[in-house]
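Chain by chain, the residues run as shown.
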Amino acid sequence: MQEIHDERFERHGVRLLLKRDDLIHTTIPWDTDLLGPVDLYPPGNKWRKLAPNLRAAVAGGHRELVTFGGAYSNHLRATAAAGRLLGLGTVGVVRGDELAARPLNDSLARCAADGMRLHFVPRADYRRKAEPAVLARLLEDAGAASAYAVPEGGSNALALGGCAALGRELRGVSDIVAVACGTGGTLAGLAAGLAPGQRALGVPVLAGGFLGGEIRSLQRQAFGGPAGDWSLAEGFDHGGYARVPAALEAFAAGFEERHGVPVERIYVAKLLWALAELAERGAFPRGGAVTAVVTGRP
């Protein structure tokens, strides 16, 4: 935990705390029985969501993982790294078959360097991957029909259990715990782990207003029904996923300069921007505290 003294919050009587999940590293024995000594593994919420799925894959005797993501997916990189460390093969089903003919960007190049086999699919097919017949065809085409499948973003019932641990760690720390949301799994688990009287606040990094239904569905799968008090702060996507306009870049760079905290642009910058804006609007009670979960590093 790290307290940040920032006048954009303090002038409204609000304390800002950071939960530095970006600092999870091998010096912390999170799951040495599973991984053993390793040089690097995915920090933050990707670790929390992947660890239960990795445990299930290993216990089930699987030798390969398959998962899904876009060209800049943190989840794809995390899965590729975890597969390398566990000695498991990995397959990444990537949105956009037009990317197959282009040079790999830095994110996908990192996946490939960690041994992930990339399979690019048409965007129309990717959008329909929740349909059983389409999913089966995508996995067959990727040569991964028998692999252990982890959903996009790592968000499934097992993952929510990992994220509920984050909520339990933050019980009693502040009235509101906020996190940036892509697929909603971290928020869904976080809310379930918090104590009564605490509220989880999600800041979607994609536009569309679809996330509430996804979170409710995930909680039904994991916990049998609604769990915890949560809400969404829409309208802070800054034009869509992976969009970092000049104003957001300036905000993130300024936060780094003021506080010496590295700010990941796709998720964390949008979270901190939203919290500063909400504080300005008087959305948080004076004398209270807000905890922002730093889910990853730049």
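Shown above is the structure to which this text applies.
In short, a report on the structure. This structure is a prediction, so every number in the text was calculated from the model and none was measured. (Residues numbered from 1 in each chain as written. Predicted model: local features only at pLDDT ≥ 70, side-chain atom pairs only at ≥ 80, totals over all residues. Heavy atoms only, no water.)

### Points about the side chain of K49
Here's step 1: If you trace the backbone, K49 turns up in helix α3 (residues 44–59).
Here's step 2: Buried and without a salt bridge, K49 has E152 as its closest oppositely charged side chain, separated by 10 Å.
Here's step 3: Leaving out residues up to four positions away in the same chain, K49 has contacts with G153, G154, S155, A159, C163, T183 and T186. (Helix = DSSP H or I, 4+ residues; strand = E, 2+ residues; numbered from the N terminus. Buried < 20%, exposed > 50% of the residue type's maximum accessible area, 1.4 Å probe, protein only. Lys, Arg positive; Asp, Glu negative; His and termini not counted. Salt bridge = Lys/Arg side-chain N within 4 Å of Asp/Glu carboxyl O. Contact = heavy atoms within 4.5 Å.)

### Focus: unusual backbone geometry
Here's step 1: Positive phi is not limited to glycine here, since H238 has a value of about 55 degrees.
Here's step 2: Inspection of the secondary structure puts H238 in the loop between β9 (230–232) and α11 (246–259).
Here's step 3: Note on H238: relative accessible area 19%, which makes it buried.
Here's step 4: Non-glycine residue A242 carries a positive phi angle of around 65 degrees.
Here's step 5: Within the secondary structure layout, A242 lies in the loop between β9 and α11.

### Side note on the sheet that holds strand β3 (residues 64–69)
Here's step 1: Reading across the sheet, the four strands line up as β5-β4-β3-β6 and stay open at both edges, with parallel pairing between neighbours. The open sheet has two edge strands with one neighbour each: β5 (116–121) and β6 (148–149).
Here's step 2: Helix α4 (residues 74–86) rests against β3, β4 (89–95) and β5 of the sheet, and its axis sits at about 170 degrees to β3. (Pairing = 2+ DSSP bridges. Axes fitted to C-alpha atoms, helices over the stretch in contact; angles between N-to-C directions.)

### Looking at the nonpolar core
Here's step 1: Of all hydrophobic cores here, the largest spans 34 residues; its most connected members are L16, L18, L201, L272, L275 and F284.
Here's step 2: Those elements that provide at least two residues to this core are β2 (15–20), β7 (176–181), β8 (199–204), α11, α12 (268–280) and β10 (289–294).
Here's step 3: A per-element tally of this core places α12 first, with nine residues.
Here's step 4: The contacts of L272, once residues within four sequence positions are left out, are F9, L18, F251, F255, V263 and A292. (Core = buried A, V, L, I, M, F, W, Y, C linked by side-chain atoms within 4.5 Å.)

### Here's the deal with the packing of helix α9 (residues 185–193) against helix α10 (residues 211–223)
Here's step 1: Where α9 meets α10, the closest approach of the two axes is 9 Å, and the angle between their N-to-C directions is 55 degrees. Between α9 and α10, the crossing angle belongs to the class labelled oblique. For the element pair α9 and α10, the recorded crossing hand is right-handed. Across the interface between the two elements, G185, L187, A188, A191 and A192 from α9 touch I215, L218, Q219 and F223 from α10. (Parallel < 35°, antiparallel > 145°, perpendicular 65-115°, else oblique. Left-handed = near helix turned anticlockwise from the far one by under 90°.)

Read these as spatial facts, not as claims about activity.
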